[in-house]
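Spelled out from the first residue to the last, the chains are:
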Amino acid sequence: MKNLLLALLAGFLSLSVAQAQSTAQAPSDGFKITGHITGLKDTTCVLAHYFGATQYIPKDTARVDGAGNMVFAGKKSLPQGLFLVVVPGKGYMQLLITDDQQFSFDTDTASIINAMKISGSKENELFYAYQQKLGKFSEEAQAITMQKKMRTDAASSALLNKQLSDLQKQANEYRAQFLTDNPTAFAAKLFKATAEPEIPPAPKAANGRPDSIWVFNYYKDHFWDDFDFSDERFVRTPFLQSKIERYIKELTVQVPDSLIKEADFIVNKAIAGKNTDIKYYTIYYITSQYEQPKVMGTEGLFVHMFEKYYKTGIMTVSDSSTLKAIGERVAAIKPNLVGKTMQSPIVSDTLRRPINLSAIKADYTVVFFYSPTCGHCRESAPKLKKLIDDYKGKGVEVLAIAIDQSPEEWKKFIKEFKLGKAIHGYDFAHKNDFRNQFDVFTTPTVNVLDKNKKILAHKLPAEQIEDFILFQKRQQAGKKTDAAPTNAKASVKK
């Protein structure tokens, strides 16, 4: 399934580059970036732009001569954004590509940022001047910190602490003045977008300490304050992706309702910014992260994103076959989301008697979809046997369903692994489409159901079944314990 969204991304890449070139300088202007890097010779450098935080798109190469000189040039203007010059064996350096696409740089491999000199590009002059100044503040702070480690007397420590405080104040004042003096510069936008929200002093909680919940909420509420969703150049930086990732995965509770609410919040900001590339990338990236999520039970966000944005045309997709395939995948996932009541597979036991899922009486039902010849299924079988032997008659039942192979292979599997205490199902009439009805794209696929056959877990690793059920039992016991004191107090009052 990942390949389907990657196909959409490839199409988006082509569209994005074409749009960027049409909105940049006129093609006749082209670009010419002349560079010199001391300490580099007789090699090739690559000029590329970011696309999100984890991909970059090469746009040109330049041969470096024996003196460290190179030239990147082309007849068409480059799309605007944050670019990399990949330096073999030395990492990379960054350049801002905006309206100024005829400029030069000079630096040294020993200290690319500190040695950087720019000519002909105001944006890059600002970009490096800011980094160089803050770098000096950082070096001074490190020197003072080293002095603190060497001098332990109270007077010296107090003096050095004051110097650090003064230095921090100077750095903050420099940053504020830089942003004030260059409000429309792309360099300033980048530095603002990547800065942490400034949090004012927190009110006191009931325990007299600063209220940490207030701090978290303030941070989250102001997380996007300085991000310009109208500026398409942010697609060609790592910062749009990294901010979405932090907001969705670290600042949002990983349950479908919370994820859907916050995803819509970000997408609405992107839509309000009225930039198609920003909107498309935002929708694509969030959707891709929850197609096969790391946190079980959060596939609901993937379903929501498809139905609200792809299916409605808010996210335009030119490849109709890929869109159809994603829709089919969503149709398979949706009935099998955590919280849904699982439909009963049409299967029969070894005596060909129909099995009705709803007739299985148990606090927890483990539905184990497998293939008798699947290597992973065979590895999981001993664990499944232990679960069956330990919990049979203790509120846990296992329904093991073979999704393929012959009845003979099925019965052989049951006998080989001594799984006779489980409930075993087989589709003799071939009436089930296990992939699309039950989202069984790999085996084994494990569902854990509650007593009402609602799905508590989908695609749970076989080795985690017992721990998951024990956790659910503790949760239920906790609810009963919480309820008891209330009832007891009520009866006392009566």
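Residues numbered from 1 in each chain as written. Predicted model: local features only at pLDDT ≥ 70, side-chain atom pairs only at ≥ 80, totals over all residues. Heavy atoms only, no water.

Colleague: Can you tell me about the sheet that holds strand E7 (residues 102–108), naming the residues and giving the values?
Modeller: Strand order across the open sheet formed by four strands is E4-E1-E7-E8, with mixed pairing between neighbours. The outermost strands of the open sheet, each flanked by one partner alone, are strand E4 (69–74) and strand E8 (117–119). Pairs of neighbouring strands in the sheet enclose a mean axial angle of 15°, with direction left out of account. Bridging between strand E1 (residues 31–38) and E4 involves six bridges; their strand directions are antiparallel. Across the sheet, the residue bridging to Lys32 is Ala73, located in E4. (Pairing = 2+ DSSP bridges. Helix = DSSP H or I, 4+ residues; strand = E, 2+ residues; numbered from the N terminus. Axes fitted to C-alpha atoms, helices over the stretch in contact; angles between N-to-C directions.)

Colleague: So what's going on with unusual backbone geometry? Residues and values would help.
Modeller: Residue Pro444 is reached from Thr443 by a cis peptide bond, and omega for that bond is -5°. Within the element layout of this structure, Pro444 appears in the loop between helix H14 (434–438) and strand E14 (445–449). Phi is positive for Asp439, which is not a glycine, with a value near 55°. Of the residues examined, Asp439 reaches a relative accessible area of 2% and is grouped as buried. Although it is not a glycine, Lys453 adopts a positive phi angle of roughly 70°. (Buried < 20%, exposed > 50% of the residue type's maximum accessible area, 1.4 Å probe, protein only.)

Colleague: How would you summarise the side chain of Asp439 if you had to cite specific residues and measurements?
Modeller: With respect to the helices and strands, Asp439 occurs in the loop between H14 and E14. In this structure the side chain of Asp439 is engaged in a polar contact, spanning 2.9 Å, whose partner is the side chain of His458. Separated by 3.4 Å, the side chains of Asp439 and Lys459 make a polar contact. The contact partners of Asp439, leaving out residues within four places of it in the chain, are Arg329, Ala332, Ile333, Asn336, Phe434, Thr445, His458 and Lys459. (Polar contact = N/O pair within 3.5 Å; in protein donor to acceptor, adjacent residues only side chain to side chain. Contact = heavy atoms within 4.5 Å.)

Colleague: Break down the sheet that holds strand E5 (residues 81–87) for me, with residues and values.
Modeller: Through backbone hydrogen bonds, the strands of a sheet pair up, either in parallel or in antiparallel fashion. Across the sheet, which stays open at both edges, the four strands sit in the order E3-E2-E5-E6 with antiparallel pairing between neighbours. A strand with exactly one partner marks an edge of an open sheet, and here the two such strands are strand E3 (56–64) and strand E6 (91–97). Across the sheet, the mean angle from the axis of one strand to that of its neighbour is 25°, orientation sign disregarded. Note: E5 against E6, seven bridges, orientation antiparallel. Among the inter-strand pairings, Val86 is bridged to a residue of E6, identified as Tyr92. In this fold helix H3 (residues 122–150) packs onto E5 and E6, with an angle of close to 130° to the strand it touches most, E6.

Colleague: Before we move on, can you summarise the confidence of the model for the chain with the specific residues and values?
Modeller: Of all residues in the chain, 91% have pLDDT values of 70 or greater, and the mean over the chain is 90. Ignoring residues within four places in sequence, the model shows residues 17–28, a span with pLDDT below 50, making 21 contacts including any to other chains. For residues 483–494, every residue scores under 50 in pLDDT, and the model assigns this stretch zero contacts once sequence neighbours within four places are set aside. (pLDDT = per-residue confidence, 0-100.)

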